[in-house]
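Coordinate analysis (summary)
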Number of protein chains: 2
Amino acid sequence: MRLTRYLPILDWGRRYDRAALSSDLVAAVIVTIMLIPQSLAYAMLAGLPPEAGIYASIAPILLYAVFGTSRALAVGPVAVVSLMTAAAVGEVAQAGTAGYAAAALTLALLSGGMLLAMGLLRMGFIANFLSHPVIAGFITASGILIATSQLRHILGVQAGGDTLPEMLTGLIRALPQTNPVTLAIGAAATAFLFWARKGLKPALIRAGMRPGLAALATRTGPVLAVVATTALVAGLRLDRQGVSVVGAVPQGLPPFTLPALSPDLLGALLLPAALISIIGFVESISVAQTLAAKRRQRIDPDQELVGLGMANLGAAFTGGYPVTGGFARSVVNYDAGAETPAAGAFTAIGLAIAALLLTPLIHYLPNATLAATIIVAVLSLVDFGILRRAWGYSRPDFAAVAATIALTLLAGVEAGVSAGVVLSILLHLAHSARPHVAEVGLMPGSQHFRNIRRHRVETHPAVLTLRVDESLWFANARFLEDYVLDRVTGDTALRDVVLMCSAVNRIDLSALETLESLNHRLRDMGLRLHLSEVKGPVMDRLKTTHLLDDLTGEVFLSQYDAWHSLCGKADAAA
Amino acid sequence: MRLTRYLPILDWGRRYDRAALSSDLVAAVIVTIMLIPQSLAYAMLAGLPPEAGIYASIAPILLYAVFGTSRALAVGPVAVVSLMTAAAVGEVAQAGTAGYAAAALTLALLSGGMLLAMGLLRMGFIANFLSHPVIAGFITASGILIATSQLRHILGVQAGGDTLPEMLTGLIRALPQTNPVTLAIGAAATAFLFWARKGLKPALIRAGMRPGLAALATRTGPVLAVVATTALVAGLRLDRQGVSVVGAVPQGLPPFTLPALSPDLLGALLLPAALISIIGFVESISVAQTLAAKRRQRIDPDQELVGLGMANLGAAFTGGYPVTGGFARSVVNYDAGAETPAAGAFTAIGLAIAALLLTPLIHYLPNATLAATIIVAVLSLVDFGILRRAWGYSRPDFAAVAATIALTLLAGVEAGVSAGVVLSILLHLAHSARPHVAEVGLMPGSQHFRNIRRHRVETHPAVLTLRVDESLWFANARFLEDYVLDRVTGDTALRDVVLMCSAVNRIDLSALETLESLNHRLRDMGLRLHLSEVKGPVMDRLKTTHLLDDLTGEVFLSQYDAWHSLCGKADAAA
């Protein structure tokens with residue numbers, strides 16, 4: 001059983017049959033055709049030679065098939081991680097050098113090691129610490145950065161930059177060098193791909209194709225663009241007119257590679273690798289969970305970390321770069337009918353055949369076409385609607401999204417995502433430092449106690465009941481103390497204060513000290529402090545301390561008991 | 001009214017009378033006598049000339065008297081902040097140089113500016129983000145560091161270091177150079193001061209002194225030690241035998257000084273200044289609150305930030321260094337009868353007179369005596385009991401304290417306090433990422449719903465009720481979704497899922513999206529999702545979204561309504 005948990009292949013592999021095999025084979029053929037241009041394009045986005053994209057789609061897919069829990073996830077290079085790789089590796093090496101490719105391997109190694117370690121430590125919950133609006137903002141801003149970064153290939157000019165202002169400045173400066181032939185090819189490919197996305201499917205259906213098949217055929221748009229523009233450039237030898245092409249790509253299976261391991265390099269790539277791991281994991285798990293839910297399957301986040309970790313380690317030793325589960329390819333894999341991770345394995349075989357046989361055919365593939373496929377793919381990620389939704393719902397959420405988008409565009413991907421994470425945690429902390437406390441009274445004719453501000457309830461002048469609606473910890477305990485002391489100061493009729501702890505799941509040591517201090521201060525004012533509805537685990541812990549011995553009042557099992565007992569005594573005394 | 005809030009002196013000053021004046025004058029005389037050796041000693045600890053300690057006790061006290069809200073707080077140099085000053089300024093300048101003193105002024109300026117800004121922004125709550133055990137651990141470790149750092153003055157040797165291993169190595173290496181006369185004076189002074197702390201008060205009471213007076217007289221121990229050892233060194237000219245003395249101290253009022261303002265220096269001191277501000281504020285506010293509670297007064301944390309900020313700005317422009325409210329001096333001030341901040345103003349006048357007239361008298365004061373006063377003062381701060389208490393109460397609290405103590409001793413004060421703060425927040429976040437969710441049923445004969453694992457309650461096979469005991473935010477929402485989906489998977493009798501939201505005070509945008517996704521996934525499984533006991537503010541916010549329109553179930557005002565309605569329908573359908 002344990003082995004099956006760590007090697008999900010033992011589970012689905014045992015029940016593998018002929019029907020699953022044929023579904024998986026069909027899906028694999030379709031995904032392979034789609035992945036060839038996509039892999040080349042994302043390798044270009046990452047600043048790596050085109051074969052790196054193909055290699056990063058072979059070993060990682062096989063390893064994920066063995067260790068991953070999703071039936072339909074397709075692992076490989078994706079847009080945002082490619083951009084983050086370019087930003088991280090660009091800091092330590094010059095694009096196009098051997099050192100650059102070696103550093104990309106190191107980044108994959110670090111990222112794989114981190115993911116694997118987090119998986120073995122069962123830290124899948126870490127993905128929860130990225131708020132959804134922050135991720136949505138980051139993806140939107142990254143899409144804009146990626147699309148902008150590709151404009152230089154469409155124009156056929158040299159330009160760089162890691163931030164939007166840098167990129168735009170570079171493009172404007174390089175505009176006079178625009179290569180008109182490249183621009184014509186790039187613009188045509190972009191226009192065709194946009195049309196293929198929106199108009200091809202209805203056209204095919206009108207032509208009599210089944211809707212499902214038409215949807216899959218639409219996915220071959222990039223392949224058609226690649227074939228047509230490559231043939232054009234090769235036929236007219238447009239590369240002699242300055243059209244930049246992919247050029248010679250080595251023919252063969254992925255090589256065995258060793259990542260660079262100098263301490264300086266490892267130190268410099270540690271933080272980027274952590275960010276890539278987290279962002280990649282979040283992107284991958286959300287795709288996997290969405291697809292699994294459609295078939296009533298469950299994903300194990302901890303084992304997903306292991307699967308992605310192994311995939312990245314695989315990429316590090318076979319000439320790849322950081323990979324994760326991609327949205328577009330996974331959806332295609334799912335729609336094409338993939339039933340098990342074996343579909344991924346067959347895709348890997350298909351890509352290996354492509355690496356062996358097809359690379360000479362892409363010599364004349366124009367970079368402008370690859371740029372067009374990237375631009376069209378990432379613009380579907382851009383969704384500024386998140387800003388509007390966040391603004392309408394809550395200001396802190398809006399602040400976190402706006403800061404993430406602005407910083408990603410103006411200061412780069414690492415600054416953007418870090419700021420988003422830190423800001424959303426700080427805003428949450430600021431919020432949780434003010435615990436919700438309500439003064440409650442008895443609902444007439446019931447045993448319920450509700451907020452006196454919202455309901456007509458019975459109260460007693462000598463008894464103050466405060467319902468504490470959150471666990472007490474160091475950041476909010478003092479606020480509770482201040483609230484109580486402010487409330488009781490000057491209220492001369494008061495004799496008893498009851499803290500109704502029905503929503504207190506935990507009291508940390510700081511909060512315990514604050515309760516002790518509150519007890520003493522109330523005693524000095526001639527008031528008794530009582531507790532009611534203390535939960536079992538909290539009570540067990542309080543029993544190890546002096547609080548209950550020193551408490552001036554009692555601990556009541558239910559608030560109704562407290563009310564009954566205290567109001568009775570107060571009236572008898574009056 | 002607003003002016004009074006920002007200038008509390010307008011409040012108490014208006015009611016100042018002859019009785020308060022005489023109480024304040026008596027307190028001021030006692031505190032002045034106590035502060036002279038203490039100020040000299042802490043300046044030495046901070047690596048500054050002795051007069052800096054006196055200057056840091058004059059203008060800051062006066063400014064705090066105008067802007068502060070505590071009636072008894074005495075502001076000036078304190079041990080921990082002096083140590084932190086030495087650590088911070090030691091990074092940017094050589095002790096004993098003019099640059100060192102100027103950097104200490106810059107540190108006071110930055111710290112004062114930050115405190116003032118936080119006060120004007122009403123950020124007094126920030127003190128709550130330091131957990132009590134972490135502060136206790138930090139103070140304990142700082143006490144050990146401070147005492148160890150002073151041993152070199154007792155031995156009469158040169159030795160340095162910012163961490164415990166560095167200090168101990170330096171001391172052991174310097175041991176052969178020990179000056180026997182210095183050691184004799186230092187050991188005698190230390191022994192006398194320890195005895196004065198414990199034995200002098202009982203001895204005085206036995207000799208017929210009133211206990212209150214005896215307690216105050218005990219505080220003059222350091223002054224007696226200073227007078228005796230200074231007379232001894234001056235009489236026998238022991239300075240010629242290698243006893244290190246305070247030496248020439250300029251005679252006169254505090255000078256007007258300008259802090260150094262180079263961008264490099266400001267950048268290097270920014271983080272230390274922030275840490276000093278926070279630690280100083282926390283120390284000061286806890287003393288002020290303790291003393292105020294004894295007299296049923298209240299402290300305004302935001303205005304305290306303003307008072308401490310002004311005090312530090314005052315220190316920056318009058319030759320001082322960072323200051324805060326000190327525990328020992330404030331307690332003496334309180335015990336001696338100080339009724340208003342005017343006592344502080346009179347203390348400042350007393351110290352100004354001392355700076356004008358008494359400085360020649362301390363020429364022969366041995367540094368070993370000052371070191372002895374520091375050691376005896378700070379060892380009372382050391383309390384390893386916090387480790388035992390934290391261990392007995394909760395492991396996360398223990399981990400935070402142990403890490404703070406270990407890192408403070410082994411890596412210095414800044415690393416220690418930063419690690420403590422970050423670790424305690426991370427531990428809290430890790431904890432709050434798993435919201436408390438309980439499956440509940442109806443308590444027979446009541447309208448109460450309690451945990452089915454702890455109480456005998458009624459349940460219905462078609463209705464699952466889950467009570468959510470925490471606000472939903474991005475880090476815990478997914479956990480709730482996983483919990484619900486795990487619970488319902490395979491439960492074929494189930495038709496309705498009710499989330500009882502009585503303890504949900506807030507639902508952020510991420511959590512809203514998770515609820516929407518949960519609603520869809522349950523719908524796909526043929527289950528309806530209901531909400532009950534949603535609080536008013538949460539409901540108002542949900543009404544701005546699509547969740548309520550898309551909800552497959554209903555929103556019930558009370559859980560009892562939900563139970564009644566759903567179980568009735570389920571039974572009718574069966």
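Scoring rules and cut-offs
- Residues numbered from 1 in each chain as written.
- Chains lettered and ligands numbered in written order.
- Predicted model: local features only at pLDDT ≥ 70, side-chain atom pairs only at ≥ 80, totals over all residues.
- Helix = DSSP H or I, 4+ residues; strand = E, 2+ residues; numbered from the N terminus.
- Buried ≥ 20, exposed ≤ 12 C-beta atoms within 10 Å, placed from the backbone.
- Contact = placed C-beta atoms within 7 Å.
- Core = buried A, V, L, I, M, F, W, Y, C linked by C-beta atoms within 7 Å.
- pLDDT = per-residue confidence, 0-100.
- Least-squares fit on C-alpha atoms with pLDDT ≥ 70 in both.
- Pairing = 2+ DSSP bridges.
- Axes fitted to C-alpha atoms, helices over the stretch in contact; angles between N-to-C directions.

The next subject is the overall build of chain A. Along its length, chain A carries 25 helices and eight strands. On the principal axes, the C-alpha backbone points of chain A span a range of 105 × 60 × 55 Å. In chain A, which comprises 574 residues, the share counted as buried stands at 53%. The long-range fraction of contacts in chain A, counting pairs at least 24 apart against all pairs at least 6 apart in sequence, stands at 81%.

Turning our eyes to something else, we now look at the nonpolar core. In this structure, L107(A) and L107(B) are the most contacted members of the largest nonpolar core, which totals 367 residues. Setting aside its immediate chain neighbours within four residues, L107(B) contacts T85(B), A88(B), V89(B), L269(B), P272(B), A273(B), I276(B), Y321(B) and P322(B).

This part covers the confidence of the model for chain A. Averaged over every residue, the pLDDT of chain A is 88; residues scoring 70 or more account for 99%. For this predicted complex, the interface confidence score (ipTM) comes to 0.73, while the overall pTM stands at 0.74.

Every contact between the two is made by 43 residues of chain A and, on the other side, 44 residues of chain B. For the side of chain A that touches chain B, the secondary structure elements donating two or more residues are helix 8 (132-155), helix 18 (385-393), helix 20 (413-432), helix 21 (474-488), helix 22 (509-524) and helix 23 (536-542) of chain A.

Expressed as a screw operation, the relation of chain A to chain B combines 0.1 Å of axial shift with a rotation of 180 degrees, fitting to an RMSD of 0.1 Å. With respect to symmetry, the two chain copies, as superposed, fit the operation of a two-fold axis. A shared interface surface links the copies, since 100% of the contact residues of chain A are contact residues in chain B too.

All names here are of chain B. Counted residue by residue, strand 7 (residues 528-532) has four buried out of five residues, so it is predominantly covered. With five bridges joining them, strand 6 (residues 496-500) and strand 7 adopt parallel strand pairing. Bridge pairing in strand 7 places D496 opposite R528. Relative to strand 8 (residues 555-556), strand 7 is paired through two bridges, and the arrangement is parallel. Residue L531 lies in a different strand from strand 8, and its bridge partner there is V555.

All names here are of chain A. Ordered in space as 4-3-5-6-7-8, the six strands form an open sheet in which the pairing is mixed. The strands lining the two open edges of the sheet, one partner per strand, are strand 4 (449-451) and strand 8 (555-556). As paired strands, strand 5 (residues 463-468) and strand 6 (residues 496-500) are joined by five bridges and run parallel to one another. Looking at the pairing, V463 lines up with D496 of strand 6. Against the sheet, helix 21 touches strand 3 (437-442), strand 5 and strand 6, its axis set at about 160 degrees to strand 5.

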